[in-house]
Amino acid sequence: MLLNTQNSYGVVTKLLHWLVAIVVFGLFGVGFWMVDLGYYDYWNKLAPHYHKSVGILLLTVMVFRVAWRFFNVTPEPSQVLSPKEKKASHYVHMVLYVAIFGMCVTGYLISTADGRSIQVFNWFSVPALGAFIENQEDIAGNVHEWLSYGLIGLVIMHLLAALKHHFIDRDGILKRMF
């Protein structure tokens, strides 16, 4: 079943969830690795190109994901969750969405502050709006870095909570996304 129902997530939602999860971890890993590349390193130009390209595609997927969520039924929270867990789950998911969009926006602001567009795998380019503030790339870079650590920390907490529900509580919460 492609669409969500009142009781379960559909295939599209599950695929979007896991695709975003894999891409977020991948972008974090590449970003963490590429900041230490030397000027003469082979990957010095390629890694940022791929990082930006995948980041723009992630933004596109996230816009689709929000639209999909808006026009689709959201399954009811599991009845095994306490009211506190339901509220925490809702807020964590909202913060994850905001953080991912924040990462995409700050990445764009870093990359386009010099007025150059972003080439997405040389398929198309995303035009630059230029710098809005002085030292935009530095400020956006700091925000991007701290958002990345916060996002990964929150994703790890999300993962640990899902594993706790699966292995300790044995309540079937994790199975809803498989």
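Heads up: these notes are all about the structure in this document. Model, not experiment: these values are computed from the prediction.

Within the structure shown, the criterion is met by 3 salt bridges. With a closest N to O distance of 3.9 Å, Glu85 and Lys164 form a salt bridge. Here the residue Glu85 occupies a position in helix α3 (residues 83–112), and Lys164 occupies one in helix α4 (residues 136–169), the gap between them amounting to 79 residues. Between Arg116 and Asp114 there is a salt bridge, and its shortest N-O distance comes to 2.6 Å. Connected through shared salt-bridge partners, Glu85, Lys164 and Asp169 make up one network.

Two elements in contact, helix α2 (residues 43–70) and α3, have axes whose closest approach is 10 Å; the angle formed by their N-to-C orientations is 145°. For the pair α2 and α3, the sense of crossing is left-handed. In this structure, α2 uses Lys52, Gly55, Leu58, Leu59, Met62, Val63, Arg65, Val66 and Arg69 to contact α3, whose residues at the interface are Met94, Tyr97, Ile100, Phe101, Cys104 and Ser111. Among the residues forming the contact of α2 with α3, the class breakdown is 10 nonpolar, 2 polar and 3 charged.

What follows covers the side chain of Thr112. Turning to its location among the elements, Thr112 is positioned in helix α3. Of the residues examined, Thr112 reaches a relative accessible area of 0% and is grouped as buried. Here Tyr108 takes part through its backbone oxygen, which lies 2.7 Å from a polar atom of the side chain of Thr112. Setting aside chain neighbours within four positions, we find Thr112 in contact with Ile118, Ala128, Gly130 and Ala131.

So, on to a nonpolar patch on the surface. A surface patch of nonpolar side chains, amounting to about 660 Å² of accessible area, comprises Phe25, Ile156, Leu159, Leu160, Leu163, Phe167 and Ile168. Top element by residues in the nonpolar patch is α4. It accounts for 6 residues. Tracing the backbone shows Ile156 in helix α4. A relative accessible area of 36% means that Ile156 is categorised as partly exposed.

Reading the values: the criteria
- Per chain, residue numbering runs from 1 following the sequence as it is written.
- Confidence filtering applies because this is a predicted model: local features only for residues at pLDDT of at least 70, side-chain atom pairs given and counted only at 80 or more, and all residues used for totals across whole chains, interfaces and linings.
- Values reported for side chains reflect all heavy atoms of the structure, with hydrogen atoms and water molecules removed beforehand.
- By convention in these notes, a salt bridge is any Lys or Arg side-chain nitrogen within 4 Å of a carboxyl oxygen on Asp or Glu.
- Comment: elements are numbered from the N terminus, with helices defined as DSSP H or I runs of at least four residues and strands as E runs of at least two.
- Fitted lines through C-alpha atoms give the axes, limited to the stretch in contact for helices. The angle between two N-to-C directions lies from 0 to 180 degrees.
- Handedness of a crossing is defined here by the sense of rotation of the near helix relative to the far one, left-handed for an anticlockwise turn of less than a right angle and right-handed for a clockwise turn.
- In this description, contact between two residues means that some pair of their heavy atoms is separated by no more than 4.5 Å.
- When residues are sorted by character, Ala, Val, Leu, Ile, Met, Phe, Trp, Tyr, Cys and Pro go into the nonpolar class, Asp, Glu, Lys and Arg into the charged class, and all the rest, Gly among them, into the polar class.
- Each residue gets one of three labels from its accessible area relative to the maximum for its type: buried under 20%, exposed over 50%, partly exposed in between, using a 1.4 Å probe on protein chains only.
- Polar contact criterion, stated in full: a pair of N or O atoms within 3.5 Å, where within protein one must be able to donate a hydrogen and the other to accept it, and residues adjacent in sequence count only if both atoms are side-chain atoms.
- Exposure above 30% relative accessible area and the absence of a salt bridge qualify a residue for a patch, where like charges join within 9 Å and nonpolar side chains (Val, Leu, Ile, Met, Phe, Trp, Tyr) within 5 Å.
- Computed with a 1.4 Å probe, the accessible areas rest on the Shrake-Rupley method; for each residue, only the protein chains presented here act as cover.

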